[in-house]
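Given next are the chains, with one letter for each unit.
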Amino acid sequence: MEHTPASTTHRRIGVFGGAFDPPHAAHITLVRSAMTNLKLDELHVVPTGHAWHKARPLSPAQHRLAMARLAFSDMPGVVVDARETQRTGPSYTIDTLRELHLQWPRAELFLMMGEDQARTLTSWRSWQEVLRLAIIYVADRGDWNRTMPRFIAPKLYESRFRRLQMPHMPVSATDIRARIASRQDLGDLVFESVARYIDHHHLYQTA
Ligand code: ATP
């Protein structure tokens, strides 16, 4: 049988970056929706290393990676990709997209994000190149109101954006951390295994 180098096949690769501090139910739903709706061959969940855009310090990468593995690893086609936690300096999505593009020059890249991240995208490093390398799928967080307007794609780049269909889930890692700090029940906001990990490592004990 003739061997086809992997880099020549036309793969559909999803990329979903985030702090995952901790990974929660909306992250899982987003990944499931992307895998199904976009017919992806694989989806890379990429925990950020040093988040230049988050005001608070993140939990150590080793914990966020371990929780992401517990949350995502049994989903077919989903890989937890540690590359950003292994880089020094701030994590930039463009570096990850360039690496994937080098590895799979003919693949189509799809970058997933919630609406809050989409609103900030034009402040990201090399954002125009991000839009050249990937189609952006934006998930509603249902958080738009008078102070937080709906995301509108930049005029010249509208064709690079799509809406990711998924149910609105009013879940955030901020809320989960606050619940843990005040000893409230997490219900099904995180997987049981992730809740156990948080407990075992005493994460998020203080707000
Ligand atoms: P935090 O509350 O600490 O800011 P978060 O809940 O936004 O965290 P992140 O790990 O920062 O979680 O998010 C990773 C990605 O998942 C981002 O693109 C974010 O917009 C998206 N996301 C997070 N929560 C939701 C949600 N409820 N619905 C849709 N997308 C979401």
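Up top is the structure these notes are about.
Just so we're clear, the structure is a prediction, and the values are computed from it rather than from any experiment.

Cut-off values and rules
- Residues numbered from 1 in each chain as written.
- Predicted model: local features only at pLDDT ≥ 70, side-chain atom pairs only at ≥ 80, totals over all residues.
- Heavy atoms only, no water.
- Helix = DSSP H or I, 4+ residues; strand = E, 2+ residues; numbered from the N terminus.
- Pairing = 2+ DSSP bridges.
- Axes fitted to C-alpha atoms, helices over the stretch in contact; angles between N-to-C directions.
- Contact = heavy atoms within 4.5 Å.
- Salt bridge = Lys/Arg side-chain N within 4 Å of Asp/Glu carboxyl O.
- Buried < 20%, exposed > 50% of the residue type's maximum accessible area, 1.4 Å probe, protein only.

Colleague: Quick rundown of the environment of alanine 195? Include the residues and the values.
Modeller: Within the secondary structure, alanine 195 is located in helix α8 (residues 192-200). Between the C-alpha atom of alanine 195 and that of arginine 98, which follows or precedes it by 97 residues, the distance is 34 Å.

Colleague: Could you give an account of the sheet that holds strand β4 (residues 108-114), with specific residues and numbers?
Modeller: Paired through backbone hydrogen bonds, the strands of a sheet run either parallel or antiparallel to each other. In spatial order, the strands read β3-β2-β1-β4-β5-β6; together these six strands make up an open sheet with parallel pairing. The two strands at the open ends of the sheet, each matched to only one other strand, are β3 (78-80) and β6 (161-164). When strand polarity is set aside, the average angle formed by the axes of neighbouring strands in this sheet is 25 degrees. The sheet contact formed by strand β2 (residues 42-47) and β3 spans three bridges and is parallel. Opposite histidine 44, over in β3, you have valine 79 as the bridge partner. Each of β2 and β3 touches helix α2 (residues 61-72); the most contacted strand, β3, lies at about 165 degrees to it.

Colleague: Any details on the pattern of salt bridges? Residues and values, ideally.
Modeller: Here the structure, examined in full by the defined rule, presents 16 salt bridges. Note that arginine 56 and aspartate 21 form a salt bridge whose closest N and O atoms lie 2.6 Å from each other. Residue arginine 56 is found in the loop between β2 and α2, and its partner aspartate 21 is found in the loop between β1 (12-18) and α1 (25-37); the two are separated by 35 residues along the sequence. Accessibility expressed as a relative area gives 29% for arginine 56, which makes it partly exposed. Residue aspartate 21 is classed as buried on the basis of its relative accessible area, which comes to 1%. Here the residues in one salt-bridge network are Asp81, Arg83, Arg87 and Glu99, joined through shared partners.

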